[in-house]
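Spelled out, the chains give:
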Amino acid sequence: MTSETVIKVKRILSDRHYQTWPSWHIVYEWEDEISQILQIPIAKSPNNKYLKKIEFIDNVLFNGSFLYHYYLLNSKEDYSLYFEMHPKKHKSFSNSKNVIPIIIDFFDKNNMDRFKKRYAQCPYLCIGSLEVLHFLQEKNVENKLIHFPLSLPSKYKLNINDVFDKKYDIVLAGRINAVLWNYLLQYEKQHPDIEYLYQKQIHGELFYWSNKKGLIGKFHSRQEYINLIKSAKVSFYATPGIDGGELRTNGFNPVTPRLFELLAAGCHIIARYPQNKETEYFQLNSLCPSINSYKEFEKQLDNALVEKPPIRKNSLYLEKHYTLNRLDLLKSII
């Protein structure tokens, strides 16, 4: 491919017909916004339970060669964007030559030869994490790598005049960081009036419990989740590759959109994260210092519980991180 080659992106391939778990909801909002701004349609991806089985069999019996030739023969002259939650381990539509994957999470450091082979046909790889992008560069990945930072859909834009009904002291959204959780239990012993909500998954749905009232309700839909975090004075945020998460992420610590969601909900943030290229890029030190002791935790939580929602501070920070701000990156390669 020469520098003069024109990339004509004609569609976004979406898994919305197939993936319904809440983690995907924000992906579909990104797709909707990109589709609207760039005026390209959203098409159904080939993903389904049958394709998964075919890919597995092809990978085991033929090392992916059957699907490789199938996608090669059926490739078009134009290109598609596709949000890839994790890189595929086998040949698939998403690593064929006419797809530009936007890789959200990359945690597999130990199979780079496989990754290079599977994605060799892609003209571009859009990478959500700057830390991962630098890792791939160090491993001499030959694709053109584009840093495509994760973002907050612009529909959730926080305005300085927004008002929230903060009826809960703390809402713990999603996976709980072990260190911050233990600090909270210690804090509760010394401050027994504090109320916090935490998540439980039951039969594939998400429920929230209060330490004071017990079951609060089911919050599985996107709007239910957004309304819930808006009701919190404080929430916790931690990058996923620390405090026991290293096994799952191989030490990678991407800054995830949950941080932006909590900021847009007008929450004070108590955080834990390492110093790396990713957290430097997102300027986390200027937003919320990383907690390293119970004393720091107690002081920050004491202050956050009595202060007004940090609407202006959060709003100014988020101005750089809406999905609309990421579209210039896409326009530069389309």
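Notes on the structure follow. (Residues numbered from 1 in each chain as written. Predicted model: local features only at pLDDT ≥ 70, side-chain atom pairs only at ≥ 80, totals over all residues. Heavy atoms only, no water.)

### As for the overall build of the protein
Turning to step 1, where the next piece is worked out: A count of helices and strands for the protein gives 14 helices and twelve strands.
Turning to step 2, where the next piece is worked out: The burial tally for the protein puts 53% of its 334 residues in the buried class.
Turning to step 3, where the next piece is worked out: Intrachain contacts of the protein at a sequence separation of at least 6 include 66% that bridge at least 24 residues.
Turning to step 4, where the next piece is worked out: In the form shown here, the protein has an accessible surface area of approximately 16500 Å², with 51% of it arising from carbon and sulfur atoms. (Helix = DSSP H or I, 4+ residues; strand = E, 2+ residues; numbered from the N terminus. Buried < 20%, exposed > 50% of the residue type's maximum accessible area, 1.4 Å probe, protein only. Contact = heavy atoms within 4.5 Å. Areas by Shrake-Rupley, 256 points an atom, 1.4 Å probe, with all protein chains shown as cover.)

### Some words on the packing of helix α6 (residues 178-190) against helix α12 (residues 294-306)
Turning to step 1, where the next piece is worked out: Put simply, α6 and α12 touch, their axes get as near as 10 Å, and they point 65 degrees apart. It follows that α6 is roughly perpendicular to α12 by the angle criterion. In this structure, α6 crosses over α12, and the sense of that crossing is right-handed. From α6, Leu180, Tyr183, Leu184, Gln186, Tyr187 and Gln190 reach across to α12, where they touch Tyr294, Phe297, Glu298, Leu301, Asp302 and Leu305.
Turning to step 2, where the next piece is worked out: Partitioning the contact of α6 with α12 into residue classes produces eight nonpolar, two polar and two charged. (Axes fitted to C-alpha atoms, helices over the stretch in contact; angles between N-to-C directions. Parallel < 35°, antiparallel > 145°, perpendicular 65-115°, else oblique. Left-handed = near helix turned anticlockwise from the far one by under 90°. Nonpolar A, V, L, I, M, F, W, Y, C, P; charged D, E, K, R; others polar.)

### Notes on the environment of lysine 230
Turning to step 1, where the next piece is worked out: Residue placement: lysine 230 occurs in helix α7 (residues 222-230).
Turning to step 2, where the next piece is worked out: Once residues lying within four places of it in the same chain are set aside, the contact partners of lysine 230 are Phe164, Asp165, Lys166 and Ala265.

### Comments concerning helix α14 (residues 323-331)
Turning to step 1, where the next piece is worked out: Of all the positions in α14, only Thr323, Arg326, Leu327 and Leu330 are classed as buried. Buried residues along α14 cover an arc of 120 degrees about the axis, so they all sit on one side.
Turning to step 2, where the next piece is worked out: Buried positions along α14 lie against α1 (25-38), β3 (79-84) and α10 (277-281). (Arc of directions from axis to C-beta.)

### A closer look at the pairing of β3
Turning to step 1, where the next piece is worked out: Among the six residues of β3, six are classified as buried, and the element is accordingly described as predominantly covered.
Turning to step 2, where the next piece is worked out: Residues Tyr79, Leu81 and Phe83 of β3 are buried on one face, and the alternating residues Ser80, Tyr82 and Glu84, pointing to the opposite face, are buried as well.
Turning to step 3, where the next piece is worked out: Two elements, strand β1 (residues 9-14) and β3, share four bridges in a ladder whose sense is parallel. Counterpart to valine 9 in the pairing with β3 is tyrosine 79.
Turning to step 4, where the next piece is worked out: Two strands pair when backbone bridges link them, and β3 and strand β4 (residues 99-103) are joined in this way by five bridges, in the parallel orientation. The residue of β4 that forms the bridge with serine 80 is valine 99. (Pairing = 2+ DSSP bridges.)

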